[in-house]
Amino acid sequence: VFSCPPAVTSPCKILKCNSEFWVATSGSHHLGAEEAPEFCTALRAYAHCTRRTARTCRGDLAYHSAVHGIDDLMVQHNCSKDGPTSQPRLRTLPPGDSQERSDSPEICHYEKSFHKHSAAPNYTHCGLFGDPHLRTFTDTFQTCKVQGAWPLIDNNYLNVQVTNTPVLPGSSATATSKLTIIFKSFQECVDQKVYQAEMDELPAAFVDGSKNGGDKHGANSLKITEKVSGQHIEIQAKYIGTTIVVRQVGRYLTFAVRMPEEVVNAVEDRDSQGLYLCLRGCPVNQQIDFQTIRSAQATEGRARRKGPSLPAPPEAFTYETATAKCREKLPVEDLYFQSCVFDLLTTGDVNFMLAAYYAFEDVKMLHSNKDKLHLYERTRVLTPGNTAPTGTHPTLWVALLCLCWLCLL
C-alpha cells in the first residue's frame, strides 16, 4: 500500500531576509556617496538575517545565491562587516534611474534580435495548477502526482523547479508549495537571477532584492512586476521573449509561462536531456489516468464500508455540489472545469476552484492560439494502441475520489 507522508513546509526563512532587505533598499541600487553608509547598514542586517537561518537553509539554492550576492555587494560598496545593522528606509530614486532604463541593446529584445530577418516567432504555453494539473507546451493536459521536487523547464536560458507537497496529512492529493526560477546570465543583457516563492511568501523581487536583470546595459529586459500584493506577480524576460505568471491561490502556487518555441527547444542535447515536465509531460507512473477508474470502481464498495475510518476533507463536496461550485467560475465544461471538480472532491478546498479559474485566465492571456484555449480530451503519454478516454461521468468522479482515498487503507 502506498504511504503518503504529511505536508511539510521549509524552515528556511531566506525569503523573509530578502524581502526585508528589499524594503530597506527599494529603488536604491545606485547610490550617491552620502547614502553608502545607510546601504551598508541595511546590507549588514541582511547578512545577519541569513546567518540566523543558515542551519535550516543548507540545501536551499536561493539561500546560497543570497549569501554570495551579499559578499559581492559588500565589496562593491566598500562596506565593513562590522557596524550597525538597523534597516533605515533609503531614498527612492527619481524616474530615469538605471533600474528603469529603456535603451537596452537590440540583442536584449527577442523579437528584434532573434527574428530580424525571419518570420514572427511561434509562442507556446505551459501551466501548472491545482492538484497538480499540467498543460504542456504541446497542449497535452495531464493530472499528476509528482510529489517532491520536479523540473518544469530546463533549457539554455532558464530553469524552473517546483516542489509539490500533500494537501492534507495522509492524502494523495498534492499541490505546489515552492517554486524556484533561475534566469541564466545572458551576454550584455542580464546577470544570473534567482526568483523563489513558497507558501505565504510571494516576493516582488529576486532573491538578491533586485527587480530587474542587474547592472548590465540591457538589465531592464528582465523585470518583475507585482500585480496583486502577495498574490500575483509577473516576470517579463524580453531578451528571450518570455512571460511568466506566478500566483498564490489559497496556500498554494500556480505557474504559467509564454515562451517562443525556439527558446523551449534551446537545449544542448535534447535526446539525452533529463526530465522536463513542460516539454515531456509527467512520467507515466506519475500520471492519474481515467483508465485506472474501472479497477477503482471495483473497490468502491470496500471504501464505503470503511466510511467512518476515511478522513473527511475540510468541506465535504458531492459530485453535484462540486460541479455547481465550479460552474460559478468556469461555465464551459472543459478540462479546467473537470480539474476543478476533481480537486474539490479530493481536497474539499474551495481555493482549488479559484486556482483552476486563474489558470484559465492565464491561458487566455498567454496562449498564442485563441482557438485552443479550451481543452476537452484528457491526454497522456500512452503506449501504442492505448488511447485515453474522452468523456467523464459522475460515477467516474466518485471512483476517482475513492482511488485517492485508497492510499490510506
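For the structure, see preceding data.
Attention in this report is confined to the structure presented alongside it. Note that the coordinates shown come from a computational prediction; the quantities given were computed from them, not determined experimentally.

**Some thoughts on the overall build of the chain**
If you tally the helices and strands in the chain, you get twelve helices and eleven strands. For the chain, the residues scored as buried account for 51% of the 409 residues in total. Within the chain, residue pairs in contact and separated by at least 24 positions form 64% of the contacts whose partners lie at least 6 positions apart. Looking at the chain as shown, the accessible area adds up to about 18400 Å², and 52% of this sits on carbon and sulfur atoms.

**Re the sheet that holds strand β2 (residues 133-135)**
The seven strands lie next to each other as β3-β2-β1-β11-β10-β9-β8, forming an open sheet whose pairing is antiparallel. The strands lining the two open edges of the sheet, one partner per strand, are β3 (141-143) and β8 (222-228). On average, each strand axis in the sheet is inclined to that of its neighbour by 10°, with strand direction left out of account. Bridge count between strand β1 (residues 123-129) and strand β11 (residues 252-260): six bridges; the pairing is antiparallel. Bridging from a neighbouring strand, Leu128 pairs with Phe255 of β11. The sheet strands contacting helix α11 (residues 351-366) are β1, β2, β9 (232-237), β10 (242-249) and β11, and the helix crosses β10 at an angle near 165°.

**Looking at helix α9 (residues 319-327)**
An α-helical segment advances 3.6 residues per turn. Residues three or four places apart therefore align on the same side. Buried residues of α9: Tyr319, Ala322, Thr323 and Cys326, and no others. Projected down its long axis, α9 carries its buried residues within an arc of 95°, all on one side.

**Considerations on the sheet that holds strand β4 (residues 148-154)**
Taking strand neighbours across the sheet as the criterion, the four strands line up as β4-β5-β6-β7 in an open arrangement whose pairing is antiparallel. The open sheet terminates on both sides in strands that have one partner only, identified here as β4 and β7 (193-198). Each neighbouring strand pair of the sheet contributes to a mean axis angle of 20°, computed without reference to strand direction. In this structure, strand β6 (residues 174-183) lies alongside β7, joined through six bridges in antiparallel fashion. The partner of Phe183 across the bridge, within β7, is Lys193.

**Quick word on the packing of aromatic side chains**
Under the criterion given, the structure shown has nine aromatic pairs. Relative to Phe352, the ring of Tyr252 lies with its centre 6.0 Å away and its plane at 40°, an arrangement referred to as tilted. Here the residue Tyr252 occupies a position in strand β11, and Phe352 occupies one in helix α11, the gap between them amounting to 100 residues. Classification of Phe352 by relative accessible area gives buried; the value is 4%. Directly above the aromatic system of Tyr123 lies the positively charged group of Arg258, at a separation of 3.6 Å from the ring centroid. The lysine or arginine in question, Lys329, covers the ring of Tyr357, its NZ or CZ lying 4.7 Å from the ring centre.

**Quick look at the side chain of His125**
One can find His125 in strand β1. Relative accessible area serves as the criterion here: at 3%, His125 is assigned to the buried category. Engagement of the side chain of His125 in a polar contact is seen with the backbone oxygen of Val257, the distance being 3.1 Å.

**A word on the pattern of salt bridges**
Oppositely charged side chains can form a pair if their charged atoms are brought close together. Under the definition given, this model contains seven salt bridges. Asp208 is paired through a salt bridge with Lys193; the nearest N and O atoms lie 2.6 Å apart. With Asp208 in the loop between β7 and β8 and Lys193 in strand β7, the pair connects residues that are 15 residues apart, well separated along the chain. Note that Asp362 is salt-bridged to Arg247, the shortest N-O span being 2.8 Å. Here the residue Asp362 occupies a position in helix α11, and Arg247 occupies one in strand β10, the gap between them amounting to 115 residues. A single burial state applies to Asp362 and to Arg247, both of which are buried.

Cut-offs used in this document
Residues numbered from 1 in each chain as written. Predicted model: local features only at pLDDT ≥ 70, side-chain atom pairs only at ≥ 80, totals over all residues. Heavy atoms only, no water. Helix = DSSP H or I, 4+ residues; strand = E, 2+ residues; numbered from the N terminus. Buried < 20%, exposed > 50% of the residue type's maximum accessible area, 1.4 Å probe, protein only. Contact = heavy atoms within 4.5 Å. Areas by Shrake-Rupley, 256 points an atom, 1.4 Å probe, with all protein chains shown as cover. Pairing = 2+ DSSP bridges. Axes fitted to C-alpha atoms, helices over the stretch in contact; angles between N-to-C directions. Arc of directions from axis to C-beta. Phe/Tyr/Trp six-rings, centres within 6.5 Å; stacked < 30°, edge-to-face > 60°. Lys NZ or Arg CZ within 6 Å of the ring centre and 35° of its normal. Polar contact = N/O pair within 3.5 Å; in protein donor to acceptor, adjacent residues only side chain to side chain. Salt bridge = Lys/Arg side-chain N within 4 Å of Asp/Glu carboxyl O.

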